[in-house]
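A structural walkthrough
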Amino acid sequence: MEVVQVLCMKGGNGDSSYANNSLVQKKVISLTKPIMEEAITNLYDNNFPASLSIADLGCSSGPNTFFAVLEIVNAVGKLCKKMGRQLPELQVFLNDLPGNDFNTIFKSVSKFQKDLQKRMGTSAESCFVTGVPGSFYGRLFPSKSLHFVHSSYSLQWLSQVPQGLEGNERNIYMASSSPPSVLKAYFEQFQSDFSMFLRCRSEELVEGGSMVLTFLGRRNDDPSSKECCYIWELLAVALNDMVSEGLIDEEKMDSFNIPQYTPSPAEVKCEVEKEGSFTINRLEVSKVNWNAYHGEFCPSDDHKDGAYNVAMLMRAVAEPLLVSHFGDGIIEEVFSRYQKIVANRMSREKTEFVNVTVSLTKRG
């Protein structure tokens, strides 16, 4: 699987699109708002640029793309008002892999500019939006051109499926039954990727520039623990049932692996310190329910079903990967089964995503 070519969230605005099934991700961005505001304050303690360059890495498409940017710009605006300064010109770079639905993003730019005008009183002419297709595991911007980098729920995705996953048959990710060699292969791929990410951003950020990065992660030391792998294990159950019934080829199943690693805070800290270009200001863990509408107003009867919400969330995330490997003929059936499996487990267990957020400053 060539990850750069096939990894993307499901585009468009259909019922199963990422645009309509990413409320969990929006909640996670909201949870990190105080950390972003603190990072912006620290940035302006070091520098007051006439033009501010902001990059959102792994921006995807849909409402969350500009929600994150608006939160960042709002933090800048509040600080400028407090300091009695004019809001600087804003250069916003929206990055994701080439398969991302950039067309939907570009169609939303005018709405974003109107929202910016309404919230900040800022003229659309002072905010410039650019799409940047490419992997953030390589250079994306000129040296010392960025002031602030944001990334949420993107850095757990790896640049490639790790090598050396033999013995992990019938699993699609790390699992409780995975041999130690598989866990090691995933961890080493994370180390290689995240260190490369840090090296690239250290070249692109100005001295004193800031980053706020949120990973889908875990609290404990076990990379195969339920708190980070369970949601994929349940998808593997649905796929394996279809293998048993002859609906999916066994060899196809055994060669499918999710290119993701959900790090612990200690692992994130270790890689940052090892790379050496950044100071850690904050390193925090938060959590959010699998069901985005848990305790929330439900826009339709369908959304009152927590398992439906989780299945749609995972479909929006995983469908492009599944289609590239198995074809699109299995999709409806696999997520119908997955919804029933998830419903059974959610009725008996507490199900939450764990988030690891780190705030960094580029050293001088």
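All values reported here derive from a predicted model rather than from experimental measurement. (Residues numbered from 1 in each chain as written. Predicted model: local features only at pLDDT ≥ 70, side-chain atom pairs only at ≥ 80, totals over all residues. Heavy atoms only, no water.)

1. Let's talk about the nonpolar core
Formally: We define the nonpolar core as a collection of buried residues of types Ala, Val, Leu, Ile, Met, Phe, Trp, Tyr and Cys that are connected through side-chain atoms lying within 4.5 Å of one another. Each residue gets one of three labels from its accessible area relative to the maximum for its type: buried under 20%, exposed over 50%, partly exposed in between, using a 1.4 Å probe on protein chains only. The helix and strand labels rest on DSSP assignments: H or I over at least four residues marks a helix, E over at least two residues marks a strand, and numbering proceeds from the N terminus. Two residues form a contact once any of their heavy atoms are found within 4.5 Å.
By size, the foremost hydrophobic cluster in this structure holds 77 residues, and its most contacted members are Ile172, Phe194, Phe197, Trp232, Leu239 and Tyr338. Broken down by element, this core gets its largest block of residues, 12 residues, from helix α7 (residues 226-244). With residues up to four places along the chain from it excluded, the contact list for Phe194 reads Tyr137, Leu155, Leu213, Phe215, Val268, Glu271 and Val272. In this structure, Ile29, Leu43, Cys59 and Val76 belong to the second largest nonpolar core, which totals 32 residues.

2. Considering the pattern of salt bridges
Here is the rule: For salt bridges, the criterion is a side-chain nitrogen of Lys or Arg within 4 Å of an Asp or Glu carboxyl oxygen.
Applying the stated criterion across every chain, the model contains 14 salt bridges. Here Glu204 and Arg139 are joined by a salt bridge, their closest N and O atoms 3.2 Å apart. Here Arg139 lies in the loop between β3 (127-133) and β4 (146-152) and Glu204 lies in helix α6 (residues 180-204), a separation of 65 residues in the sequence. Assessed through its relative accessible area of 41%, Arg139 is described here as partly exposed. When the shortest N-O distance is used, the salt bridge between Glu188 and Lys184 registers 2.7 Å. Placement of both Glu188 and Lys184 in helix α6 is noted, with a separation of 4 residues, approximately one turn of the helix.

3. Quick word on the pairing of strand β5 (residues 205-217)
Stated precisely, the cut-off is as follows: For a crossover, the right-handed case is the one in which the path from the first strand over the helix to the second runs clockwise, viewed with the strands pointing away from the viewer. Should DSSP find at least two bridges between two strands, the strands are regarded as paired.
Counting buried residues along β5, 12 of its 13 residues qualify, which places the element largely inside the surrounding structure. Viewed along the sheet, the connection from β4 through α6 into β5 turns out right-handed. Across 8 bridges, β5 lies against strand β7 (residues 352-362) in antiparallel orientation. Looking at β7, one finds that Met211 is bridged to Leu360.

4. A few points about the sheet that holds β7
What counts is decided by this rule: Think of each axis as a best-fit line through the C-alpha atoms, taken over the contacting stretch in the case of a helix, with angles from 0 to 180 degrees between the N-to-C directions.
Spatial ordering of the open sheet is given by β3-β2-β1-β4-β5-β7-β6, a layout of 7 strands whose pairing is mixed. The open sheet is flanked by β3 and β6 (278-289), the only strands paired with a single partner. Strand-to-strand, the axes of this sheet are offset by a mean angle of 15°, without reference to chain direction. In the sheet, β4 pairs with β5 via 6 bridges, with the strands oriented parallel. Pairing of Leu146 across the sheet is with Leu205, part of β5.

5. What about the packing of aromatic side chains?
Inclusion rule: To pair, rings of Phe, Tyr and Trp, with the six-membered ring standing in for Trp, must have centres within 6.5 Å; the planes then decide the type, stacked if under 30 degrees apart, edge-to-face if over 60, and tilted in the middle.
Tallied over the full model, the rule gives 14 aromatic pairs. Measuring from ring centre to ring centre gives 5.0 Å for Phe93 and Phe141, while their planes differ by 55°; the resulting arrangement is tilted. Remark: Phe141 occurs in the loop between β3 and β4 and Phe93 occurs in strand β2 (residues 89-96); sequence separation between them is 48 residues. Since its relative accessible area comes to 7%, Phe141 is described here as buried. Ring geometry for Phe194 against Phe215: centres 5.3 Å apart, planes inclined by 85°, an arrangement best described as edge-to-face. Of this pair, Phe194 sits in helix α6 while Phe215 is found in strand β5, placing the two residues 21 residues apart along the sequence. With relative accessibility at 0%, the residue Phe215 sits in the buried group. Aromatic ring contacts, followed pair by pair, group Phe136, Tyr137, Phe187, Phe190, Phe194, Phe197, Phe215 and Tyr261 into a single cluster.

6. Points about the environment of Val161
Looking at the element boundaries, Val161 is found in the loop between β4 and α6. Note: C-alpha distance between Val161 and Asn257 (96 residues apart in sequence) is 6.7 Å.

7. With respect to the packing of helix α10 (residues 306-326) against helix α11 (residues 331-346)
A pair of packed helices is characterised by two quantities: the angle between their axes and the separation of those axes. Applied cut-off: An angle below 35 degrees is treated as roughly parallel, one above 145 as roughly antiparallel, one from 65 to 115 as roughly perpendicular, and anything else as oblique. Left-handed describes a crossing in which the near helix is turned anticlockwise from the far one by less than a right angle; the clockwise case is right-handed. When residues are grouped by polarity, Ala, Val, Leu, Ile, Met, Phe, Trp, Tyr, Cys and Pro land in nonpolar, Asp, Glu, Lys and Arg in charged, and all others, Gly among them, in polar.
Contact pair α10 / α11: the axes reach a minimum separation of 9 Å and the direction vectors enclose 140°. One finds that α10 runs oblique with respect to α11. Here the hand of the crossing between α10 and α11 comes out right-handed. The residues of α11 that touch α10, namely those facing Gly306, Ala307, Tyr308, Val310, Ala311, Met314, Arg315, Ala318, Glu319, Leu322 and Val323, are Ile331, Glu332, Phe335, Tyr338, Gln339, Val342, Ala343 and Met346. Classifying every residue of the contact of α10 with α11 by side-chain character gives 14 nonpolar, 2 polar and 3 charged.

8. Some thoughts on helix α9 (residues 265-275)
Owing to its 3.6 residues per turn, the α-helix brings residues three or four apart onto one side. Among all positions in α9, only Pro265, Glu267, Val268, Glu271, Val272 and Glu275 are buried. Buried positions along α9 lie against α6, β5, β6 and β7. Among the residues trailing α9, Gly276 stands out with phi positive, at a value near 90°.

9. A short note on unusual backbone geometry
One non-glycine residue with positive phi stands out, namely Lys144, at about 50°. Within the secondary structure layout, Lys144 lies in the loop between β3 and β4. With a phi angle near 70°, Arg170 is a residue other than glycine that sits in the positive phi range. Counting through the fold element by element, Arg170 comes out in the loop between β4 and α6.

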